[in-house]
Amino acid sequence: MTATLINGKQIATQLRSELAEQVTELVSKGVQPSLAVILVGDDPASHSYVRGKEKACEKAGILSIVKRHPSSLKEDELLAEIDTLNEDSSVHGILVQMPLPDHISENAVLERIAVDKDVDGFHPVNAGRLITGKDSFKPCTPLGIMKMLEFSGVEPKGKHAVVVGRSHLVGKPVGQLLLNQDATVTYCHSKTNDLASITRQADILIAAVGRVNMIGVEHVKPGAAVIDVGINRLDNGKLSGDVQFDEVQERAGWITPVPGGVGPMTITMLLYNTVAAARGKMSNES
Ligand SMILES: Nc1nc(=O)c2c([nH]1)NC[C@@H]1CN(c3ccc(C(=O)N[C@@H](CCC(=O)O)C(=O)O)cc3)C=[N+]21
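Residues numbered from 1 in each chain as written. Predicted model: local features only at pLDDT ≥ 70, side-chain atom pairs only at ≥ 80, totals over all residues.

Per an unreviewed UniProt entry, the chain carries the name Bifunctional protein FolD and comes from Geomicrobium halophilum. Taken verbatim from the UniProt record of the chain, the Function (unreviewed entry) comment is "Catalyzes the oxidation of 5,10-methylenetetrahydrofolate to 5,10-methenyltetrahydrofolate and then the hydrolysis of 5,10-methenyltetrahydrofolate to 10-formyltetrahydrofolate." Listed in UniProt under the heading Sequence similarities (unreviewed entry), the comment for the chain reads: "Belongs to the tetrahydrofolate dehydrogenase/cyclohydrolase family." (UniProt positions renumbered as here; feature names shortened; annotations may be inferred.)

Encoded structure:
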């Protein structure tokens, strides 16, 4: 068996053109959707991701304002900038690119962003609202994964979803979104005993570890949907996921590539959340 490829780039292109239409409509009503991105330091990967976000905004007609700062920026200066953006009614979404330099507390920064401008969905109030089933901004990578499953016709209801990785930004929230859609969810992590015996039970397997080739064919049930969230930069400059793609695609039912899978969907859901914020909402449905 060879898996069906879930082409994130293609799904992203389709969703982005729908979002561009919504932006045009908002602009005609006098609302110019806008996203402020704050980038601290000179990590090349972060600069490259932020350029990707900038370009995607531009293409969709969303105004993006990028504030770049040296890594010497002080925490209180960053917090003051967030305060200014919080108060600026022309700014609908605020994103502070992670990771931040060690002298700045990521939690303090995330908690400072206005809950209704938190298009990353990282604010603890949005995380709490997600868990308690209230309207909230949902983190972009988890939301992008759910859209990929939806586009591929993989219904979570009643399925066993296994999430490998328990980060606040991806693993935990994607498990919550799957649970909200009636999947049975198991979380695995670095301390899990006999990982393969658990992942082999997964109808939907989410690999969000950040380790190259972590998930091999021995971890996969025949016919499973395998979603690779890993973005690992190899020494040769190429990007690699957490999944051994060539081997696993022979056994899986569906599989996402890296690059061209979850990454483009993450950026698309950032645009989605920004458009929702511009409409004064936390999601774009209805
Ligand atoms: N506040 C915050 N929000 C984030 O959403 C956030 C962040 N910080 N810090 C870093 C991670 C990483 N991330 C990616 C988004 C898109 C691609 C992406 O589009 N990747 C392309 C390839 C890009 C390339 O080749 O470099 C792909 O997978 O096809 C990758 C990584 C968002 N992040």
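Chemist: Could you clarify how one ought to interpret the overall build of the chain in this entry?
Modeler: Within the chain, the secondary structure is distributed over 10 helices and 11 strands. The C-alpha atoms of the chain give a radius of gyration of 19 Å, which matches the 19 Å a tight globule of 286 residues would have. Over its C-alpha atoms, taken along the principal directions, the chain stretches across nearly 50 × 40 × 40 Å. A fraction of 69% describes how many contacts in the chain between residues 6 or more apart in sequence connect residues 24 or more apart. (Helix = DSSP H or I, 4+ residues; strand = E, 2+ residues; numbered from the N terminus. Rg over C-alpha atoms; globule rule 2.2 N^0.38 Å. Contact = placed C-beta atoms within 7 Å.)

Chemist: How do you make sense of the UniProt feature "domain: Tetrahydrofolate dehydrogenase/cyclohydrolase NAD(P)-binding" (unreviewed entry) in the chain when you look at a structure like this?
Modeler: Under the local residue numbering, the UniProt record ascribes the feature "domain: Tetrahydrofolate dehydrogenase/cyclohydrolase NAD(P)-binding" (unreviewed entry) to residues 139–279. End C-alpha to end C-alpha, residues 139–279 measures 18 Å, and it is 35% helix and 17% strand.

Chemist: Mind showing me how you'd approach unusual backbone geometry here?
Modeler: With glycine set apart, most residues show a phi of negative sign, and most peptide bonds adopt trans. The amide bond that connects Met98 to the next residue, Pro99, takes the cis arrangement and shows omega of 0 degrees. The topology assignment puts Pro99 in the loop between β4 (93–96) and α4 (106–112). In this structure, Pro259 follows Val258 across a cis peptide bond, with omega equal to -5 degrees. Among the structural elements, Pro259 can be located in the loop between β11 (254–255) and α10 (262–278). Positive phi, close to 70 degrees, is recorded for Asp182, a residue that is not glycine. Examined against the element boundaries, Asp182 turns out to sit in the loop between α7 (171–180) and β6 (184–188). On the neighbour-count criterion, Asp182 (12 C-beta atoms within 10 Å) is exposed. (Buried ≥ 20, exposed ≤ 12 C-beta atoms within 10 Å, placed from the backbone.)

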